[in-house]
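An overview of the molecular structure
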Amino acid sequence: MNWPNHDGPWRQWRDALTSERMHHGWLLAGKSGLGKHDFALAAARELVDEPGVPQPAGEHPDIITLTHLPKDDKEEKKREEGKPYQTKRNISVAQIRAMQKRLNTRPTLGSRRAIIVDPADDMETSASNALLKSLEEPPQGTFFLLVTHRPSRLLPTIRSRCRIMRFPVLNARQLEEMLSQQSGETNPAALEAARLASGGSYGAALRFMNQDLAPIAASIGGLLREGDPQFTGRGELARLIGGRPDRERLQAVLELAQAITAQAARTADPTQRMALIDAHGELVALAGQAPTFNYDAGLLAMEIGTLLVSASGASARPNV
């Protein structure tokens with residue numbers, strides 16, 4: 001896929017590749033859905049592609065990618081069969097230690113090796129501490145590319161040992177072109193709704209369309225504009241989200257609520273803007289907490305709705 005927002009990161013990466021001393025640790029930072037994973041794979045290919053060293057077309061022995069593993073043996077079987085599968089919530093310390101064992105040997109083909117951690121935000125605390133040791137004393141020829149949607153969730157000591165590469169959001173024209181090319185959607189109203197809801201993230205916009213989130217976007221907007229004195233709006237939001245939504249749908253709804261709240265804050269009067277900013281911050285915190293504990297989807301939907309109502313110009317902040 002061609003990512004039009006990658007021009008700046010590519011210039012930065014290629015300047016570093018041709019410099020006398022290539023930094024060993026990189027943070028690929030930006031919102032989810034901006035193609036950072038695609039960039040990491042392509043950049044790793046350029047890194048290990050040395051003159052005179054034949055390169056395999058498929059999986060590369062000197063590019064190691066650490067990401068979420070299948071949840072259990074049943075989900076592992078689904079992955080092997082090429083079916084959709086559920087993943088574990090975190091990247092474990094065992095994965096980091098297995099990677100570190102491979103660092104005790106030389107790269108297979110050339111003199112360079114790339115380690116991709118995606119998303120680095122989801123490492124267990126023990127995994128982060130283990131990775132830090134490799135970042136502090138990287139083996140010669142080993143380079144780390146850490147994909148991060150929320151750099152603040154990483155250990156400060158990890159951030160301090162990496163060079164940050166920021167990925168800009170897509171503008172309206174870029175996003176609509178990508179959506180029409182990849183999804184085949186040509187309805188201007190649907191494309192505009194996806195663009196507004198996504199905050200410039202192609203991944204969020206595509207989820208918006210695939211998950212049929214337009215009715216949820218309308219419900220969120222209604223709660224922000226009109227409040228919900230009878231609690232009917234929050235009940236409708238819960239109904240639209242569904243009684244047993246999967247993790248991907250809930251994450252898409254939370255990201256959608258954040259994007260619409262942020263958009264509303266940009267045009268609100270100063271008094272309401274502060275309420276919208278507060279609600280946005282609480283939605284971000286809720287999105288970070290939701291995957292880490294068992295929850296009732298209906299209660300979570302009501303919590304999202306209550307945060308939206310708290311920022312509504314039509315409602316005072318409720319005592320809940």
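The notes below deal with the structure included here. (Residues numbered from 1 in each chain as written. Predicted model: local features only at pLDDT ≥ 70, side-chain atom pairs only at ≥ 80, totals over all residues. Heavy atoms only, no water.)

A separate point is the environment of alanine 114. One can find alanine 114 in strand β3 (residues 113-117). By relative accessible area, which is 0% here, alanine 114 ends up buried. When the C-alpha atoms of alanine 114 and phenylalanine 143 are compared, they prove to be 4.9 Å apart, with 29 residues separating the residues in sequence. If we ignore the near neighbours within four places in the chain, the residues touching alanine 114 are Ala44, Leu47, Val48, Asp62, Ile63, Ile64, Phe143 and Leu145. (Helix = DSSP H or I, 4+ residues; strand = E, 2+ residues; numbered from the N terminus. Buried < 20%, exposed > 50% of the residue type's maximum accessible area, 1.4 Å probe, protein only. Contact = heavy atoms within 4.5 Å.)

What follows concerns the packing of aromatic side chains. The final tally for this structure, using the stated rule, is 4 aromatic pairs. Judged by centre distance (5.2 Å) and plane angle (70°), the rings of tryptophan 13 and tryptophan 26 are edge-to-face. Remark: tryptophan 26 occurs in strand β1 (residues 25-29) and tryptophan 13 occurs in helix α1 (residues 7-17); sequence separation between them is 13 residues. Residues tryptophan 13 and tryptophan 26 agree in their burial class; the two are buried. Here phenylalanine 39 and phenylalanine 167 contribute two aromatic rings whose centre-to-centre distance is 5.1 Å and whose plane-to-plane angle is 80°, an arrangement assigned as edge-to-face. You can see phenylalanine 39 sitting in helix α2 (residues 36-48) and its partner phenylalanine 167 sitting in the loop between β5 (163-166) and α7 (172-183), a full 128 residues away along the chain. Neither phenylalanine 39 nor phenylalanine 167 differs from the other in exposure class; each is buried. Among the aromatic side chains, those forming a connected cluster through ring pairs are Trp10, Phe39 and Phe167. (Phe/Tyr/Trp six-rings, centres within 6.5 Å; stacked < 30°, edge-to-face > 60°.)

Nothing here speaks to function; it is all geometry.
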